[in-house]
Structures are given as C-alpha cells and as structure tokens.
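# Structural overview for review
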Amino acid sequence: MGLSAAFFDLDKTVIAKSSALAFGRPFYRDGLISRRDVVKTAYAQMMFRLGGGTDEQSMARTRDYMAALCKGWRVEQVQQIVAETLNDLINPYVYAEAAALIAEHQAAGRDVVLVSASGDEMVRPIGALLGITDIIATRMAIVDGRYSGAVEFYSAGPAKVVGVRKLAEERGYDLAECYAYSDSSSDLPLLESVGHPSVVNPDRALRRVALLRSWPVLEFRHPVPLGRRLRDRPAVPVAAALSVGVGVAIGVALYGRHRRTRAAAA
C-alpha cells in the first residue's frame, strides 16, 4: 500500500475504446442481447468515439438502459464471457503510453486505481491485465446469482469522487498528493479532487478547462497489445505523449525524464 495514489479513468484514457460497449458482440453471440440491442450498442459506440454522450443526462440514460438490459443475466456467465474475450477485445487497445505511466507510478510506490463507470465484472479483469488490483467501478445489485436490475453504485461523474474519498480515508491518502487522469469533462470533479490532475485525449470542454488551469494535457495515440509492449517497451516510452502545462504535475516530471533518455540514446 502506497502513501498516495494515481486514479485513472479507463475509457479513452487507458484503453482506446469503451469497455462497457466492447463486449456487445460476445453478449449477442451468447444470447444475452438481441439484434436490436446490438444496433443500439453500435450507435452508442459511435457516439462515444465522436465525443458525445458524456453529459450527466446521457450518462444517467446509459445507466438505466444498461441496468434494465442486464436484468436477469447470470453473473457467472458475464464473468466467463469477459474472461474468454478480454484478450481479443481489450488487450490490443491498451495505450502503450498509459501502461508506461501506470508502471512509473507503481515504481514510485504509489497505488494505482482504475475508476470507471463500467461494471466491476468488466473493469476488474482489465485491471488484472495491467497489474492493478484497486478498482472503483459500477456495481449492479445481485440476487441469487443474477442481476436484479438495480444499481448499487454508479461510478460516474461526482459519484467517482465519493469512491475516491472513501478509499483515501481507508488507506490514509492525502488527496493533495494524489494524481488523476481522465479524458472527459464529466470527470472534472475527479480531477479537481486531487492535487495533481492531468487530462488525457480530452474532449473540447475539458481541454478548455485544462488550458485555463494550466493542467498537463497528454495525448495517448499508441494502442499496443501486452505481448508487444513487453518485447518493445524501450521503443514506446511515456514521452510519446505530449505534456502541456506548468506546475509540479507528474506529466512534466515523468515525461521530461523519458525525453532526456531518448535524446541521449540518439
């Protein structure tokens, strides 16, 4: 357990897609969702990639839709589908820059926490893929091994801060010494809750806030499968991200060190 932590949003921050929507096809294949649901999922994926659908009302609609959709599903079946398809659907889309930054935080003795609106059954295996055990994610109510259609905790917007503060209290973190990363303006409360916020691939609204507040702006552009990252790690340093801003945020310190390393090697 570290003395501080780095909190990472998942979608478009650590991975280059929506974790919740990525599993639509295997859910359809196994009969959990209909063809109509597949179309809705594809549309939601398109809106996600275009940067829309992240306001509070849209998130609430998504929460209610997903809660109703998964009502009656067996939790064990969902976990099995995620385990069987994780390598194909998620592994190739993990940003190399994010994986390197996570490793930097862990090497510095900080705990790394994934904070996502996606379901715990999806986020926890993704965390394990990255060597992360601390997860703050949406939890669905379960009755007799099946989802009841109720949401116990929706980890989105301001609710993420509730989860972060609870963990900080349990662990003794000083949030002023902690770090947070996100792409979405909906996570502004999360970023404001720590002393060292950075934005990653930000939407336009969040980019404006970051520039006004001189927060580092990081651009992650290289999704690389885990096996290739292990083979080619020196070729994809954290310096591949562009850090803009001033202050003592971690983007400056970590990325600057990698730039100097590359310059010396050249």
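Up top is the structure these notes are about.
Now for a description of the structure that goes with this document. In this text, all values refer to a predicted model and were calculated from it rather than measured experimentally.

Let us now look at the packing of helix H5 (residues 75-89) against helix H7 (residues 120-129). Interaxial distance between H5 and H7 falls to 10 Å at its minimum, and their mutual angle equals 35°. Between H5 and H7 lies a crossing whose hand is right-handed. Only Glu 121, Met 122, Pro 125 and Ile 126 of H7 make contact with H5, whose side of the interface consists of Val 75, Val 78, Gln 79, Val 82 and Leu 86. Here the residues of the contact of H5 with H7 are counted per class, giving seven nonpolar, one polar and one charged.

Turning to helix H8 (residues 158-171), a few remarks are in order. Look at H8: 20 Å from first C-alpha to last across 14 residues, which is about the 20 Å you get at 1.5 Å a residue. Burial in H8 covers these residues: Ala 159, Lys 160, Val 161, Gly 163, Val 164, Leu 167 and Ala 168. The inward-facing, buried residues of H8 contact strand S1 (5-9), strand S2 (111-119), strand S3 (134-143), strand S4 (146-153) and helix H9 (188-192). Gly 172, located one to two residues past H8, shows a positive phi value of around 80°.

Attention now moves to the pairing of S4. With four bridges joining them, S3 and S4 adopt antiparallel strand pairing. Each bridged residue has a counterpart across the sheet, and for Val 143 the counterpart in S4 is Arg 146. What sits between S3 and S4 in their antiparallel hairpin is a turn of two residues, with Asp 144 showing a positive phi close to 55°.

So, on to unusual backbone geometry. Backbone geometry at Lys 12 places phi at a positive 65°, although glycine is not the residue there. Relative to the helices and strands, Lys 12 resides in the loop between S1 and helix H1 (19-22). For Asp 144, which is not a glycine, the phi torsion comes out positive at approximately 55°. Here Asp 144 lies in the loop between S3 and S4.

Extensive coverage of S2 is indicated by the burial of eight of its nine residues. Relative to S2, S1 runs parallel, the two being bridged by five bridges. Across the sheet, Phe 8 pairs through a bridge with Leu 114, a residue of S2. In the sheet, S2 pairs with S3 via four bridges, with the strands oriented parallel. Residue Val 115 lies in a different strand from S3, and its bridge partner there is Ile 136.

About the criteria used
- Residues numbered from 1 in each chain as written.
- Predicted model: local features only at pLDDT ≥ 70, side-chain atom pairs only at ≥ 80, totals over all residues.
- Heavy atoms only, no water.
- Axes fitted to C-alpha atoms, helices over the stretch in contact; angles between N-to-C directions.
- Helix = DSSP H or I, 4+ residues; strand = E, 2+ residues; numbered from the N terminus.
- Left-handed = near helix turned anticlockwise from the far one by under 90°.
- Contact = heavy atoms within 4.5 Å.
- Nonpolar A, V, L, I, M, F, W, Y, C, P; charged D, E, K, R; others polar.
- Expected span 1.5 Å × (residues − 1).
- Buried < 20%, exposed > 50% of the residue type's maximum accessible area, 1.4 Å probe, protein only.
- Pairing = 2+ DSSP bridges.

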